[in-house]
Amino acid sequence: MYSQGLIGADGSSEETQEFLDAFQARIDAEEKIEPTDPMPEGYRRTLVRQIGQHAHSEIVGMLPEGNWITRAPSLKRKLALLAKVQDEGGHGLYLYSAAETLGVTREQMTEELLDGSAKYSSIFNYPTLSWADMGAVGWLVDGAAIMNQIPLCRCSYGPYARAMIRVCAEESFHQRQGYEIMLTLCKGTEAQKEMAQDALNRLWWPCLMMFGPHDGDSAHSEQSMKWKIKRFSNDALRDKFISATVRQAEFLGLTVPDPDLKWDDSLNDGKGGYRHGEIDWTEFWRVVKGDGVMNVERIAMRKAAWDDGAWVREAAMAFAEKEKQRTAKVAA
């Protein structure tokens with residue numbers, strides 16, 4: 001899973017100040033920027049990186065779930081997980097299509113991912129060791145994704161914002177599916193509940209990392225928010241996720257693996273909120289720089305799928321060309 005907090009806004013620009021001021025006035029007026037509209041090159045580059053990273057994360061995110069389809073404990077679970085994996089593939093295609101409106105191709109983005117030049121920075125490159133992980137991934141990882149992605153429905157770039165409306169609707173299903181798996185396990189045997197607790201223990205901290213560095217350590221966050229690509233700070237989204245998820249864990253009868261977690265009435269202008277323990281930022285940066293437990297394996301699997309699917313892409317292009325020629329002949 002990607003983190004928008006890892007995508008640095010590209011503020012460099014060769015446009016005149018007059019052009020930049022006029023563009024910012026449109027952003028401030030909440031106008032949507034469309035593909036044919038003039039835009040600063042830095043705005044375009046930032047969107048290409050963010051949407052491309054987001055698309056890569058959706059596609060790579062299919063891998064740990066697809067690995068459990070044949071091992072799901074019932075036909076119902078197999079069908080639901082298969083539907084979820086299909087959704088994630090669709091999300092990747094929506095997002096690649098949105099990025100293509102900015103002048104890049106999905107082939108270019110994929111090749112950059114596979115050769116390392118894209119600097120792909122998915123924080124969620126951890127193994128899924130048990131069936132409970134499928135519940136925890138849906139509940140926690142997709143729950144964190146929803147917190148990150150709902151504000152993107154109001155992104156200033158029109159194609160991205162519109163793609164996210166459907167993505168978020170489907171992610172909500174994924175989150176509920178995951179929580180229902182966890183609820184079933186927690187109502188089951190003691191061993192099943194222990195399996196659910198183990199999944200929470202392993203995935204809690206990586207999910208908090210998904211929101212990106214603290215606001216003070218996110219150098220380009222201010223520019224992304226000024227352009228309204230991003231609407232909320234990393235810490236604000238992380239705190240919102242914690243507040244929602246801790247209550248859900250309590251309902252399940254599970255313990256959040258953070259001994260420093262405590263409620264503080266003074267936070268959020270007196271509305272209250274949770275203070276949490278320190279995130280292991282050394283691990284965070286190690287994972288996003290490509291040294292996570294599953295980074296190499298998942299990129300290798302993505303490359304194998306891309307190479308094995310070359311004949312399908314070539315056949316589709318050949319068919320499209322034949323249809324184009326046939327239509328032109330009929331028209332003549």
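About the cut-offs
- Residues numbered from 1 in each chain as written.
- Predicted model: local features only at pLDDT ≥ 70, side-chain atom pairs only at ≥ 80, totals over all residues.
- Heavy atoms only, no water.
- Helix = DSSP H or I, 4+ residues; strand = E, 2+ residues; numbered from the N terminus.
- Rg over C-alpha atoms; globule rule 2.2 N^0.38 Å.
- Buried < 20%, exposed > 50% of the residue type's maximum accessible area, 1.4 Å probe, protein only.
- Areas by Shrake-Rupley, 256 points an atom, 1.4 Å probe, with all protein chains shown as cover.
- Lys, Arg positive; Asp, Glu negative; His and termini not counted.
- Charge placed at Lys NZ, Arg CZ, Asp CG, Glu CD.
- Expected span 1.5 Å × (residues − 1).
- Bend = angle between axes of the 7 residues up to and from the residue.
- Contact = heavy atoms within 4.5 Å.
- Phe/Tyr/Trp six-rings, centres within 6.5 Å; stacked < 30°, edge-to-face > 60°.
- Lys NZ or Arg CZ within 6 Å of the ring centre and 35° of its normal.

**Here's the deal with the overall build of the protein**
Point 1. Within the protein, the regular secondary structure consists of 13 helices and two strands.
Point 2. For 332 residues, the compact-globule estimate of 2.2 N^0.38 gives 20 Å, and the protein sits close to it at 21 Å.
Point 3. Along the first, second and third principal axes, the C-alpha set of the protein runs to 70 × 50 × 35 Å.
Point 4. By residue count, 50% of the 332 residues in the protein fall in the buried class.
Point 5. In the form shown here, the protein has an accessible surface area of approximately 16,000 Å², with 57% of it arising from carbon and sulfur atoms.
Point 6. Here the protein contributes 39 positively and 49 negatively charged side chains, and the mean placements of these two sets differ by 5 Å.

**A word on helix α6 (residues 131-149)**
Point 1. For α6, which comprises 19 residues, the first-to-last C-alpha distance of 26 Å matches the rise-based estimate of 27 Å (1.5 Å per residue) to within 8%.
Point 2. The sharpest bend along α6 measures roughly 35° and falls at Val137.
Point 3. Within α6, 19 of the 19 residues are buried, which leaves it mostly tucked inside the rest of the structure.

**Some points on the environment of Trp205**
Point 1. Here Trp205 shows up in helix α8 (residues 190-209).
Point 2. Spatially, the C-alpha atoms of Trp205 and Trp263 are 18 Å apart, while their sequence positions differ by 58 residues.
Point 3. Discounting chain neighbours no more than four positions away, the residues touching Trp205 are Pro257, Asp258, Gly277, Glu278 and Ile279.

**Some thoughts on the packing of aromatic side chains**
Point 1. Counting across every chain of the model gives nine aromatic pairs.
Point 2. With a centroid separation of 4.7 Å and 80° between ring planes, the pair formed by Phe284 and Trp285 is classed as edge-to-face.
Point 3. You can call Phe284 buried: its relative accessible area is 0%.
Point 4. Here a set of aromatic residues connected by ring pairs shows up, and it is made of Phe23, Tyr43 and Trp227.
Point 5. Between the NZ or CZ atom of Arg71 and the centre of the ring of Trp68, over which it lies, the distance is 3.8 Å.
Point 6. When the ring centre of Trp306 is taken as reference, the NZ or CZ atom of Arg313 above it lies at 3.5 Å.

Without other data, these values stay purely geometric and don't point to any function.
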